[in-house]
Amino acid sequence: MAENSNGIARRHFLKDSLWGACLAFLGGITGFLVSKFRKTETVWQIDPYKCIACGNCATYCVLEKSAVKCVHAYAICGYCRICFGFFGPEPFDINEGAENQLCPTGAIKRTFVEDPYYEYTIDESLCIGCGKCVKGCNTFGNGSLFLQVRHDRCLNCNECSIAAACPSGAHKRVPANKPYILKKVDHA
Amino acid sequence: MIRFGYIIIGISFFLIFCPAPIVYGGRYGLTLSLAPGSGSIGAGSAVERFPPPEFESGYQQPLTTTPAPRQSIYEYIDAVVLLVVLGLSSYLVLKKRSRRAIFILMVFSLVYFGFWRKGCVCPIGATQNIVLSIFDRDYVVPVVTAVFFLSPLVFTLFFGRTFCAAVCPLGALQDFVLLSAHGGVSVPNWLESGLRLFAYVYLGMAVLFAATGSAFIICRYDPFVSFFRLSGNFNILVLGACFLVVGVFIGRPYCRFVCPYGVILRQLSRISKWRVTITPDECVKCRLCEDSCPFGAIREPTANWPIYEYGKGKKRLAFFIILLPVLIFLGGWLGSSLKTVTSRMHDTVRLAERVYLEETGQVEGTTDASLAFRATGKEAKELYGEASDIRAQFGPVGSLLGGFVGLVIGLKLIGLSVWRQRTDYVPDRASCLACGRCFQYCPREHVRLKNAKEARQGRGESS
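Draft legend 1. A look at the overall build of chain A. Each helix and strand in chain A was counted, giving four helices and six strands. Going from N to C terminus, chain A has its helices and strands arranged as α-β-α-β-β-β-α-β-α-β. Scaling as 2.2 N^0.38, a compact globule of 188 residues should have a C-alpha radius of gyration of about 16 Å, whereas chain A reaches 27 Å, well beyond that. Considering only C-alpha atoms, chain A reaches an extent of 100 × 35 × 25 Å along its principal axes. Of all 188 residues assigned to chain A, the portion counted as buried reaches 43%. Contacts spanning at least 24 positions in sequence make up 74% of the contacts within chain A whose residues lie at least 6 apart.

Draft legend 2. Here's a closer look at the interface of chain B and chain A. Contacts between chain B and chain A engage 64 residues on the former and 70 residues on the latter. Taken together, the elements giving at least two residues each to the side of chain B that touches chain A come down to helix H1 (2-16), helix H5 (123-135), helix H6 (143-159), helix H10 (217-220) and helix H18 (368-376) of chain B. Looking at the side of chain B that touches chain A residue by residue, the class counts come to 38 nonpolar, 16 polar and ten charged.

Draft legend 3. The environment of Val201(B), seen in detail. All names here are of chain B. Its location among the elements puts Val-201 in helix H9 (residues 189-211). In this structure Val-201 comes out as partly exposed when scored by C-beta crowding, with 17 C-beta atoms within 10 Å. Sequence separation between Val-201 and Val-408 is 207 residues, and the spatial gap between their C-alpha atoms is 9.3 Å.

Draft legend 4. Quick peek at the environment of Ser98(B). All names here are of chain B. One can find Ser-98 in the loop between helix H3 (72-96) and helix H4 (99-116). A tally of 16 C-beta atoms within 10 Å means that Ser-98 is categorised as partly exposed. On a C-alpha basis, the gap between Ser-98 and Gln-362 in space is 66 Å, while along the polypeptide they are 264 residues apart.

Draft legend 5. Local environment of helix H15 (residues 307-337) of chain B. Residue and element names in this part refer to chain B. In this model H15 runs 45 Å from its N-terminal to its C-terminal C-alpha over 31 residues, within 8% of the 45 Å that 1.5 Å per residue would give. In the structure, H15 departs most strongly from a straight axis at Leu-323, where the bend amounts to approximately 35° and where the proline Pro-325 lies between one and four residues downstream. Of the residues making up H15, those classed as buried are Leu-327, Gly-331, Gly-332 and Gly-335. Buried residues along H15 sit in contact with helix H19 (380-416).

Draft legend 6. Region of interest: helix H3 (residues 132-140) of chain A. Among the nine residues of H3(A), nine are classified as buried, and the element is accordingly described as predominantly covered. The complete set of buried residues in H3(A) reads Lys132(A), Cys133(A), Val134(A), Lys135(A), Gly136(A), Cys137(A), Asn138(A), Thr139(A) and Phe140(A).

Draft legend 7. Structural view of unusual backbone geometry. Each neighbour pair has its own omega, and for Asp115(A) with Pro116(A) the value is 0°, a cis peptide bond. With respect to the helices and strands, the residue Pro116(A) is situated in the loop between strand E3 (108-114) and strand E4 (117-122). Positive phi, close to 55°, is recorded for Ala53(A), a residue that is not glycine. Mapped onto the secondary structure, Ala53(A) falls in the loop between strand E1 (42-46) and helix H2 (56-60). Backbone geometry at Lys285(B) places phi at a positive 55°, although glycine is not the residue there. You can call Lys285(B) exposed: it has 12 C-beta atoms within 10 Å.

Draft legend 8. Broad picture of the environment of Gly410(B). Residue and element names in this part refer to chain B. Mapping Gly-410 onto the fold places it in helix H19. Judged by the 21 C-beta atoms lying within 10 Å of it, Gly-410 falls in the buried class. In this structure the C-alpha to C-alpha distance between Gly-410 and Ile-322, which are 88 residues apart in sequence, comes to 9.5 Å. The contact partners of Gly-410, leaving out residues within four places of it in the chain, are Phe-320, Leu-323, Leu-324, Leu-327 and Ile-328.

Draft legend 9. Focus on the pairing of strand E2 (residues 68-72) of chain A. All names here are of chain A. E2 sits mainly inside the fold: five of its five residues count as buried. Looking at chain direction, E2 and strand E5 (residues 145-149) are connected through five bridges and run antiparallel. Across the sheet, residue Val-71 finds its bridge partner in E5, namely Phe-146.

Draft legend 10. Molecular detail of the confidence of the model for chain B. Residues and elements named next belong to chain B. Of all residues in chain B, 89% attain a pLDDT of 70 or more, and the chain-wide mean is 85. When the criterion is pLDDT under 50, residues 1-5 qualifies, and its contacts beyond four places in sequence or with other chains add up to two contacts. When the criterion is pLDDT under 50, residues 9-44 qualifies, and its contacts beyond four places in sequence or with other chains add up to 49 contacts. Interface confidence in the predicted complex, given as ipTM, is 0.86; pTM for the same model is 0.86.

About the criteria used
Residues numbered from 1 in each chain as written. Chains lettered and ligands numbered in written order. Predicted model: local features only at pLDDT ≥ 70, side-chain atom pairs only at ≥ 80, totals over all residues. Helix = DSSP H or I, 4+ residues; strand = E, 2+ residues; numbered from the N terminus. Rg over C-alpha atoms; globule rule 2.2 N^0.38 Å. Buried ≥ 20, exposed ≤ 12 C-beta atoms within 10 Å, placed from the backbone. Contact = placed C-beta atoms within 7 Å. Nonpolar A, V, L, I, M, F, W, Y, C, P; charged D, E, K, R; others polar. Expected span 1.5 Å × (residues − 1). Bend = angle between axes of the 7 residues up to and from the residue. Pairing = 2+ DSSP bridges. pLDDT = per-residue confidence, 0-100.

Right, dumping it as structure tokens:
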């Protein structure tokens, strides 16, 4: 009898120490995380200087309408009459006709400013983030059109499915207090 | 070649329709000579081929809008809600013992953490963030993610798997579709143990890929998150639908056979301070609760070890104990020798292999990734170096993973050949999801409820 209760006591002791060890281990993880802690919440963003406008952003986002949209850095824009982000490679005519446009959803609006300049604005409710205009503008123009994750739409998934599909490693986590990487004027 | 053609077209367009006055001629010469070199985009910063005009009509340039991300205060609210729901769930399971209340809380969690918060971030996926932060010096786990990972573990250490009962939205979704409270398809014990091995392997792989910074596979293959978002990858949606259809007949298949976080919770639940009991006080061995558990987590009383089995069982146990280190070693060796395959999960390794094939002329054509790499102007040798460093990491971490799987298999074999003595009907400490279905099957529970009701009425009359 005495032997038996000893056995039970030993088992209890072992179990309690194991329990304590587990709690201490969790405490250790907490301590480790706290020691590493810096105030950096992160969000996903595209580095426009790495982006190759492959079009994955339009299809891989978990949202039905991608959180990635084209944005326009007006300060870099040349306000060209012939915009390679707006017109297809061989436009039938230089006007706003749908058949001349590169954008598959007609999300870019072209408005006359003064001769010979035109302003191009993006209607984000139409833009699907396919990057066709980005490719055109970067190849022949100033590169003032580029893709960005729009944080009013982005769900900030733990693993971004666009990032997993990005061929150039342009999708990355950035500090939440600087959630955009906008292209800057690059005067020589 | 096509790109070069475009450039020619571009330049000719540019010359014909040039929008700026000739005054800029000198700068045009400069930009034109730049154009062919930077034909592929992403090669560097924006090239000013067309200098921004100076407007005379008083036109104001609009600013690029930057809508702000979701305020982090909401995420802290999520963490607080998680803690409150965990506490409430533990109270309902252990003190109140009411299946109905647990169910209502479960529906709340399904709506809040699932459909409202879109199921992300969840404690299951947060495991990977913790692992990544241990291996990657630069990665910092957000506070909320850390709370999501740690608090269910701590609660499990105290109260058992009350997180699974009413907090986890993935569990809640499966529990919601489970039709038969009992008598559904019961999975035999050996099959359950075998299928559960997958969860251990899954956890191991998730740790391997998170530690090497390759991918978060738990998030990538989460079958239910697309239901919460009501959109997502079609294949994953089909996978989730399959889990739910199976889940109508077999209780919570994801939780029992796949969930990698459940693997950790199981081990902590084994040694929890308090836990679910079927009966509120004593077991009368009436067998009424025997079939009440849809997750096969109720263990029946056992007879003494049959004497003719004793010698055989002892030998088998000794054999498995000797086998354990062999299994660990084998697993470790296998895990490390698979590094060529497993390391392909990492982008850089995949890219390096592709570039190597292209450079040596073994494949024709290019991919988006190899084009993007060429556009950076980096040396292929540099890339190969990076890739082989990453592959080298997969060796030791892979052998740890393999050793872990070997250990799990060994311990499982040992566990199956140990004769445990039970005198009562008890929930299995590891497998019990604390859903509370068995409570109402126990006659002692009905006695308790009746007594409690009488005590309440008695108090009501006396006051």
